[in-house]
Amino acid sequence: MSAVLSLGEVSGRPESRNWLNTIIKGDCVAALEALPDKSVDVIFADPPYNLQLGGELTRPDQSKVDACDDHWDQFASFEVYDAFTRAWLLACRRVLKPNGTIWVIGSYHNIFRVGAIMQDLNFWILNDIVWRKTNPMPNFKGRRFQNAHETMIWASRDANAKAYTFNYEAMKAANEDVQMRSDWLFPICNGGERLKNDDGDKVHPTQKPEALLARVLMSSTRPGDIVLDPFFGTGTTGAVAKRLGRNFVGIEREQDYIDAASARIDAVEPLGATELTVMTGKKAEPRVAFVSLIESGLMKPGTILSDARRRVSAIVRADGTLVSGVEAGSIHKVGARVQGLDACNGWTYWHFDDGQSLKPIDVLRSLIREDMAKAG
């Protein structure tokens, strides 16, 4: 079974990670306080929704709906719920790395209160994601619109956190080369994915679909990152994290949920390195200076470069600049000047002759990047 730690077994020393890929049994705030500062990359939180159910929910035929009426979702007042929310969010903020992000999911019962508190605590909201359910539960009384969505808030630790992970190119490619939108369409957890006990009842009333968590992690984490779920439940976050090559730590106080999560995660087979490689764009690649081509011996001072049609030429100087007639400067500046433009991508504009044909100097930059990747 997956390792389960008591609060006393969690080491808060920065050099110790005995809590990695484990479930910590206990209250979420107390468990979070046991973890080291700035130790996790991403948090996915599915807190109690405080549904405020006034009694049993029944269908028109008077059969009972298996709704969320568990004790952990019940709070005496909004003030009590707000205090609870502030406490766990503060604890999460402490363990989140400066460039980390947090996802919080909720319904109309709680998500607006949570969002306001997040802003009060200086989290910086990046997006609100609408999870549209393909198979939502009907509104049995017919007195309101059918609740067909939930909302996720995605936020950075503060407004200055600019280096957070967002796998833009991967999300765009997965969406038919169109930018991924903020409304996601998934069914609620059902079928074989829904965990049930020996009596055929749901193990957890609000188990989230793995597809939802997969998109969360694929969009905002990289392989090897640490994902924290302070309301672990039956371990959807842990199961998806393990399959996608991410590390996880879950916090849960209910033993039945812990048992179900442990068995579920143990059955997961991680994907291989090839399947987990994240697609990146040019902006994510390491920066290479043109002078690096000279320093590495890929290009010699005095080399003549030209545009693709050989209409314009320039000479490479030892300091990594170009000269073309009266124009001198960087590959980008000279490329722009000779075309009468304000800007130019010199890497694709300038070409060299390899003895057989003209090739863009970007080919040589790719060789430098390959060497950098091998060294890394």
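These lines cover the structure that appears in this document, whether it is placed above or below. Predicted model, so just to flag it, every value in this text is computed and none were measured.

### Some remarks on the nonpolar core
(1) Moving on: With 37 residues, the main nonpolar core has Trp 19, Ile 43, Trp 88, Leu 89, Ile 102, Met 118 and Leu 228 as its most contacted residues.
(2) Moving on: Among the elements of the structure, helix H1 (28-34), strand S3 (40-45), helix H2 (78-95), strand S4 (96-106), helix H3 (111-120), strand S6 (149-156), strand S8 (226-229) and strand S9 (247-252) are those that each provide at least two residues to this core.
(3) Moving on: At seven residues, H2 tops the list of elements feeding residues into this core.
(4) Moving on: Sequence-distant contacts of Ile 43, that is, excluding residues within four places in its chain, are made with Cys 92, Val 95, Leu 96, Thr 101, Ile 102, Trp 103, Leu 228 and Pro 230.
(5) Moving on: In this structure, Phe 186, Val 216, Val 227 and Ile 265 belong to the second largest nonpolar core, which totals 30 residues.

### Quick look at unusual backbone geometry
(1) Moving on: Here Asn 21, not a glycine, exhibits a phi torsion of approximately 60 degrees, which is positive.
(2) Moving on: Looking at where Asn 21 falls in the secondary structure, it is placed in the loop between strand S1 (4-6) and strand S2 (22-25).
(3) Moving on: Asn 21 gets classed as partly exposed once you look at its relative accessible area, which sits at 30%.
(4) Moving on: A positive phi angle, close to 75 degrees, is found at Asn 122, a residue other than glycine.
(5) Moving on: Tracing the backbone through its elements, the reader meets Asn 122 in the loop between H3 and strand S5 (124-133).
(6) Moving on: Here Asn 122 falls in the exposed class, since its relative accessible area comes to 51%.

### Quick word on helix H7 (residues 255-266)
(1) Moving on: Across its 12 residues, H7 extends 16 Å between first and last C-alpha, which sits within 8% of the 16 Å expected from 1.5 Å per residue.
(2) Moving on: Along H7, the residues that are buried comprise Tyr 257, Ile 258, Ala 260, Ala 261, Ser 262, Arg 264 and Ile 265.
(3) Moving on: Elements that come into contact with the buried residues of H7 comprise S1, S2, helix H5 (210-220), helix H6 (236-243) and S9.

### Things to note about the pattern of salt bridges
(1) Moving on: Under the defined criterion, the tally for this structure stands at 14 salt bridges.
(2) Moving on: Its salt-bridge partner being Arg 310, residue Asp 353 comes within 3.3 Å of it at the nearest N-O pair. Note that Asp 353 is positioned in strand S14 (residues 351-353) and Arg 310 in the loop between strand S10 (304-306) and strand S11 (313-316), a separation of 43 residues in sequence.
(3) Moving on: What makes Asp 353 partly exposed here is its relative accessible area of 43%.

### Digging into the packing of aromatic side chains
(1) Moving on: Enumeration according to the criterion identifies 13 aromatic pairs in this entry.
(2) Moving on: Aromatic pair Tyr 81 and Phe 84: ring centres 6.2 Å apart, planes at 50 degrees, arrangement tilted. Residue Tyr 81 and its partner Phe 84 are located together in helix H2, separated by three residues, close to a single helical turn. No difference in accessibility class separates Tyr 81 from Phe 84, as the two residues are buried.
(3) Moving on: Ring plane angle 45 degrees and centroid distance 6.0 Å describe the contact between Trp 103 and Trp 184, whose orientation is recorded as tilted. Residue Trp 103 is located in strand S4, and its partner Trp 184 is located in strand S7 (residues 183-186); the two are separated by 81 residues in the primary sequence.

### Some details on the packing of H5 against H6
(1) Moving on: Where H5 contacts H6, the axes come no closer than 9 Å and their chain directions differ by 55 degrees. By the angle class used here, H5 and H6 are oblique. With respect to the hand of their crossing, H5 and H6 are arranged in right-handed fashion. Contacts between H5 and H6 involve Glu 210, Leu 213, Ala 214 and Leu 217 from the former and Thr 236, Thr 237, Ala 239, Val 240, Ala 241 and Arg 243 from the latter.
(2) Moving on: Each residue belonging to the contact of H5 with H6 can be placed in one class, and the counts come to six nonpolar, two polar and two charged.

### Observations regarding the sheet that holds S7
(1) Moving on: Sheet architecture is open: nine strands sit in the order S1-S2-S9-S8-S3-S4-S6-S5-S7, paired in mixed fashion. Sheet topology places S1 and S7 at the edges, where each strand pairs with a single neighbour. Geometrically, the sheet is characterised by an average inter-axis angle of 20 degrees between neighbouring strands, direction not taken into account.
(2) Moving on: Bridge count between S2 and S9: four bridges; the pairing is parallel.

### Some words on the pairing of S7
(1) Moving on: Only one face of S7 is buried: it carries Trp 184 and Phe 186, and the other face, with Asp 183 and Leu 185, is open.
(2) Moving on: Strand direction decides the pairing type here: S5 and S7, joined by four bridges, are parallel. Residue pairing for S7: Lys 133 is matched across the bridge by Phe 186.

### Some words on the packing of H6 against H7
(1) Moving on: Contact geometry for H6 and H7: axes closest at 9 Å, N-to-C directions at 15 degrees. By the angle between their directions, the pair H6 and H7 is classed as roughly parallel. Of the two possible hands of crossing, H6 and H7 adopt the one that is right-handed. In contact with Thr 236, Gly 238, Ala 239 and Lys 242 of H6, H7 contributes Arg 264, Ile 265 and Asp 266.
(2) Moving on: Its residues assigned to classes, the contact of H6 with H7 shows two nonpolar, two polar and three charged.

Thresholds applied
- Residues numbered from 1 in each chain as written.
- Predicted model: local features only at pLDDT ≥ 70, side-chain atom pairs only at ≥ 80, totals over all residues.
- Heavy atoms only, no water.
- Core = buried A, V, L, I, M, F, W, Y, C linked by side-chain atoms within 4.5 Å.
- Buried < 20%, exposed > 50% of the residue type's maximum accessible area, 1.4 Å probe, protein only.
- Helix = DSSP H or I, 4+ residues; strand = E, 2+ residues; numbered from the N terminus.
- Contact = heavy atoms within 4.5 Å.
- Expected span 1.5 Å × (residues − 1).
- Salt bridge = Lys/Arg side-chain N within 4 Å of Asp/Glu carboxyl O.
- Phe/Tyr/Trp six-rings, centres within 6.5 Å; stacked < 30°, edge-to-face > 60°.
- Axes fitted to C-alpha atoms, helices over the stretch in contact; angles between N-to-C directions.
- Parallel < 35°, antiparallel > 145°, perpendicular 65-115°, else oblique.
- Left-handed = near helix turned anticlockwise from the far one by under 90°.
- Nonpolar A, V, L, I, M, F, W, Y, C, P; charged D, E, K, R; others polar.
- Pairing = 2+ DSSP bridges.

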